[in-house]
Structures are given as C-alpha cells and as structure tokens.
Amino acid sequence: MSQTLQDEQNIVDTLKSQFGKKILEAEVQQERRINVKVADPDHLEVLSFAMKKWQAWHLIAISSVDKPDGVIAAVYHFDVRPPFGGQVAISMNLMIDCDNRDNPKLASAYNLINGAEFFEREAHDLMGIVFEGNPNLSKLILPDDFPEGVYPLRKDFLLEIQKEELAKKEKKKR
Amino acid sequence: MVDKKKIKVGSPQTGCSSCMPNTFEIPLGPQHPALKEPTHFLLEVEGEIIVNATPRIGYVHRGIEKLAETKTYSANLTLVERVCGICSHIHSISLANAAEGALALEGFEVPMRAQYIRTIVAELERIHSHILWLGVAAHEIGFDTLFMLSWRDRELTMDLLEDISGNRVNYAMNEIGGSRRDMNQSQIDRMLKYMDITIERMERYKDICLNENTIRMRTQEVGILLPQKARELCAVGPTARASGVAIDVRYDDPYSAYGEFRDIFNVVTYDSNDVFSLVVVRIIETIEACIYIKWMLKNIPDGPIFKKAPRKVPEAQILSRTEAPRGELIHYLWSNNTNKPYRLKITTPTLSNINTVSEMMKGDYLADSTITLASIDPCFSCEDRMITVVNNDRRKAKVETWSESQLRKYSNDWHTANKRWKK
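The sections below set out a description of the structure shown in this document. (Residues numbered from 1 in each chain as written. Chains lettered and ligands numbered in written order. Predicted model: local features only at pLDDT ≥ 70, side-chain atom pairs only at ≥ 80, totals over all residues.)

### Re the overall build of chain A
Defined as follows: Working definition: helices are DSSP H or I runs of at least four residues, strands are E runs of at least two. Numbering for both runs from the N terminus. Working definition of burial: number of other C-beta atoms within 10 Å of the residue's own, with buried at 20 or more, exposed at 12 or fewer, and partly exposed in between, all C-beta atoms being placed from the backbone. Each residue gets a C-beta atom placed from its backbone, and two residues are in contact if those atoms lie within 7 Å.
Counting its secondary structure elements, chain A contains four helices and seven strands. For chain A, the succession of helices and strands along the chain, N to C, is α-β-β-α-β-β-β-β-α-β-α. For the C-alpha atoms alone, the extent of chain A along its principal axes is close to 60 × 40 × 30 Å. A burial count over chain A gives 40% of its 174 residues as buried. In chain A, 49% of the contacts between residues at least 6 apart in sequence involve partners at least 24 apart.

Below, the structure written as structure tokens:
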C-alpha cells in the first residue's frame, strides 16, 4: 500500500516544502486523492504553482459546503497531476474556509482558469460565497426574482419536509 | 433594411450593456428550436454572424442536492437516478462509489461481479445515449433518414436494458454494496449477439458520416473549439476529446470494473475541432463501448452480486469521479457517520461544457447555432437539478403497472377507435 501511494506522498511533500506554514492541512486520503487545506488568498498560489510544476490545467469542479461548525467553505477539485502518457491522474481537494458567515468572501480563480466562472457563480447562487475577481456574479441557476440573501444550500434554510421532521421530533419530546 | 440603430430585445436582467454598434440581440429560448429541454441564450448578431452568446440556465432547477440531505443513502440512489432521464445509471454508480469509498476506509469491499454488472449497464447507457444524440444531431441538420435509422438501432440496446433491469430508463440496478439484479447466460448470449449487430450498424454510420456530403457540409468548420480554449474553459467528455484533448475518467481515474481492461481501453480523440469531430468521436466511442461490453461479458467473474453494507456511512469527504456519456460527472459526498449524507454536491458535464458553446458559436452563422448547441449534447435537467415541488397527496397516488400485452392491446384499441386519425 505504501508503495502505491508514493506519487501522492511526493506531491504532498513538495507542496509542504514549497509553502511551509501556508498549508494548514495536507494528507493523502486514498489512492489518487489528496486533501489540502489553505487560508483565503493562498489557494491561488497553490493553483498557479501546480499549473507550472505539474501542468495542472484540468479544474474538475468547485464545491461549497456549510460545515457542521457553521463555517462556509469552498472546495476546488482539480487534477494536480493530469493524465499524461498512460499515467493515472491524481486529483486534489483544495479546501478554503471563509472567515465570515454573514459575508463570505474568497478570491476568484477566474484569472487563472476561465472555466472557473460558472462553477463559482453556482456556488455564489446556492451558498452565497462572493468570489472577488469573478467578472459576472449574477444569478445563474436560481430564478431572477428569488429573494436576495437567501441561500438554499445553507443549513439554516429548511425545506418543508425538514420542518415537518423537526416538528415531529419536538412533539415526541413533549 | 433596418437602419443602423441598435435594437434591443430580451429582458433587462440579461441584456448586454456593452453591445457593439451594428449588432442586434436575439433571445433564443427558454423554449427553442434546438432542444426539448429549456435553456436561454442571448445571441448578439451582426447580420447573420453571431458575435457573442450569453447562456442563462436554471429553468429545470428542482432542489435535488438539498433534498438529498433529507434522505437515506438507499433512497438517495433512487433520487439521483432522477437527476437525468438519459444518463440515470451513471449518477447512481457515482453516489454508490462515493458511499462505498467512505465505507472502504473501514475495509468494506464490493463484490467484483457487481462491479462488472454496473459497468456493463453503464456502457449500454453510453451506447443508447450516443445513438440518441446522433439521431438528434441528424435531425437538426435536416438528415431525417439517419435520425430514424439510428433510433431504430438504438432500440436493440433499449431492449437489452429492459431485459436486464426491467426498465427502459432509470434502471435501478445499484444498491450500496453491490447490484440488485444478476445476469443469466441467455441474457449474456443475447447481449453478445446484439453488440455484434450494433457494431456492424455503427461501422455503417461511420462510413456515412465520413463520406456523406449532407453531414460534412453542415458540420465541418462549424462550432470551432480549439484545444487551448477547451482546456481553459474546462471542457470535459466528448466535447474535449473532439478538440484533441485526451481526457477520459474511465482511463485516467478508473472506477468500478474499468481498471480491469485498462490495457485495451482507447481514449478516442479527433482533431478537426468542429462539430464534425464531435460526430466522429461519438460514433467511434459507441463502437468502443460495444467492444468493452463484449470483453466484460466474456470475463465476468462468478460470485455474489451483493454484500450487505452498514447503514451508517463513516465520516469522510469523498470525491467520486465517473465518466457519464456527456463527460465527467462529480459526486462530492460529505458523510457524517449517520445514514444520511451531510452534503452531496453534484457537478454535471453540461455545467462544464455550457461555457464552451458560447465560444463555439462565435463567428458562426445564426442558422448553425442549433446544431452547435446540440453538439455538446446538453442535458439541462442534469445541470440545474435543483426548487422543490412536494406533492402532499403522494401516498394516495394510484400506481398501475401495465404489461406489454396490455399496452399493445391498449394501443390497438386506440387506433381502431380513432381510425379517422390515420387520414
């Protein structure tokens, strides 16, 4: 097992030696998957470093999460070592926490990879993260008349079915 | 002749503020000529040439990601299959892989026979999706003979899928921990026979597409997407491969049974970078898919198809990558040691590819916009996924199952009763 994960471990070590304390957490999760966590503007440095060193051109997706501790985070998924000459790809989940729940802000990766625009707009619509530097953060998925400041994927937005469940639980307690 | 005054159509929210003089804006959609699904493109045209295109999506937003947080994993497999009608199976593979990936951290393993069955169904799905697209594309360019012939041949695959799973769409083959249905020898024999016929038919369509002027004249040098742009705009799947960018998750990051035949796997690319290239890539991929199915059917191992998985999935953050017929599909699962996901993020290939359509349309004629849009095989149900319609009376809903003979009888009766309809 340890031998097969050598490539992944090398990437983590290179990142650690390059960025030092800027890398808050870094681990090899399993085969072909690396989890890294950094603070706000540093993710752009990690991305551009990976683009130079390993030609990491393939941004897979950008996810947004309302974490259990109430922090809103974005996760950039990209091939840190893209497939080349029959090799398998190694993909990285690069997590960045927003420091503020009421007005979460992150630096946009639009200038590095233009394709990030739509992924970031989706995260802005549904989770309310403002990506500074994205040229167009207008509504993409939600309807134009959807109320401002309501973000459906946050945990404090409850569906009817969730409200019913909560009410049932409270009844049982009584 | 209209004078050189800028005329603005379109809603003020989507209107373009920096239009060049001498251009018009034409809103295309949500209901529009290219597709059955709703989407909106604001085209800026100069004469007949498209200068710019701005997409607006979200017309089929159903709240699936949010809804997934309220359901158990097993119920979620049923839910995510409804994300899309055509690439339904791949969504459930993706979620099952994510949950099993989290369980694998504690040593859980899925039986190999189940992985083979999943992969076979996924490849059958790719065949029917690609042939469906070929028909739609042929229809868009006015070549309706090919449309009808290709859809006739698609029925072979649909019959196989119905034979294995009992359904023509939403096959419900997966369960966390394995497959729900096995295959017997007669089904395998029938599949081998039908795959040979499909290969033969697709070889014929390959010939037609490479040599037939109707197709070449409508698709060559239309919708150009250069490799550099495809990389910048994060194109995936056949859209990227038709621009010569060799990415395919089945090869680059093998899941299910794809690791088993990686040495015979071909990443199909073509380098003319236009819609024609997309046609060729999809047809060759269909033939390849038939070959993989035949390989898997000959090498499928014996053994159990299901292993009971624990109901609670341990805490993990799993990125599950799969290759849907349209490109790379992502399920990013946050589990929290309960029987429901904490967060399930789905990113579908159309969201990655829709940006490239704007790029492909630039510089083309307005009349070509429909085939260019159809060329990425967009699937807007997949892409939007999301506001909830809860039917409070759903438990009272009456469900009737019709057998084939009943359906046939109903159809015959209807046609006898409505004879005038034929005239």
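### Some points on the overall build of chain B
Helix and strand counts for chain B come out as 15 helices and eight strands. Per-residue burial over chain B gives 49% buried out of 423 residues.

### So, the sheet that holds strand β2 (residues 40-46) of chain B
Residue and element names in this part refer to chain B. Worth spelling out the cut-off: Any two strands with at least two DSSP bridges between them are considered paired. Each axis is a line fitted through C-alpha atoms, and for a helix only the stretch in contact is used; angles between axes span 0 to 180 degrees, taken between their N-to-C directions.
Ordered by their spatial adjacency, three strands build an open sheet running β1-β2-β3, and the pairing between neighbours is antiparallel. Each having just a single partner strand, β1 (24-28) and β3 (49-56) make up the two edges of the open sheet. For this sheet the average axis-to-axis angle between neighbouring strands, irrespective of direction, equals 20°. In this sheet, β3 lies alongside β2 in antiparallel orientation, the contact comprising seven bridges. Among the inter-strand pairings, E46 is bridged to a residue of β3, identified as I49.

### Considering the interface of chain A and chain B
Keep this limit in mind: Residues are grouped as follows: Ala, Val, Leu, Ile, Met, Phe, Trp, Tyr, Cys and Pro are nonpolar; Asp, Glu, Lys and Arg are charged; every other residue, Gly included, is polar.
Counting residues at the interface gives 34 residues for chain A and 33 residues for chain B. Mapped by element, the contributors of at least two residues to the side of chain A that touches chain B are β3 (59-66), β4 (72-81), β5 (90-97), α3 (116-127) and α4 (160-173) of chain A. Element by element, the count of residues in the side of chain A that touches chain B is highest for β3 of chain A, at five residues. Across the side of chain A that touches chain B, the residue classes break down as 20 nonpolar, eight polar and six charged.

### Looking at the nonpolar core
Here is a general trend for soluble globular proteins: nonpolar side chains tend to be buried in one another's company. Under the convention used in this document: Only buried Ala, Val, Leu, Ile, Met, Phe, Trp, Tyr and Cys residues enter a nonpolar core, and they are joined through C-beta atoms within 7 Å.
With 149 residues, the main nonpolar core has L94 of chain A together with A99, V279 and I293 of chain B as its most contacted residues. Beyond its immediate sequence surroundings of up to four residues, V279 of chain B is in contact with A137, C209, I215 and T219 of chain B.

### Quick look at unusual backbone geometry
The backbone of Q55 of chain A shows a phi angle near 55°, a positive value even though the residue is not glycine. Along the polypeptide, Q55 of chain A turns up in the loop between α2 (42-54) and β3. The backbone of N273 of chain B sits at a positive phi, close to 60°, despite the residue not being glycine. Residue placement: N273 of chain B occurs in the loop between α10 (249-252) and α11 (275-299).

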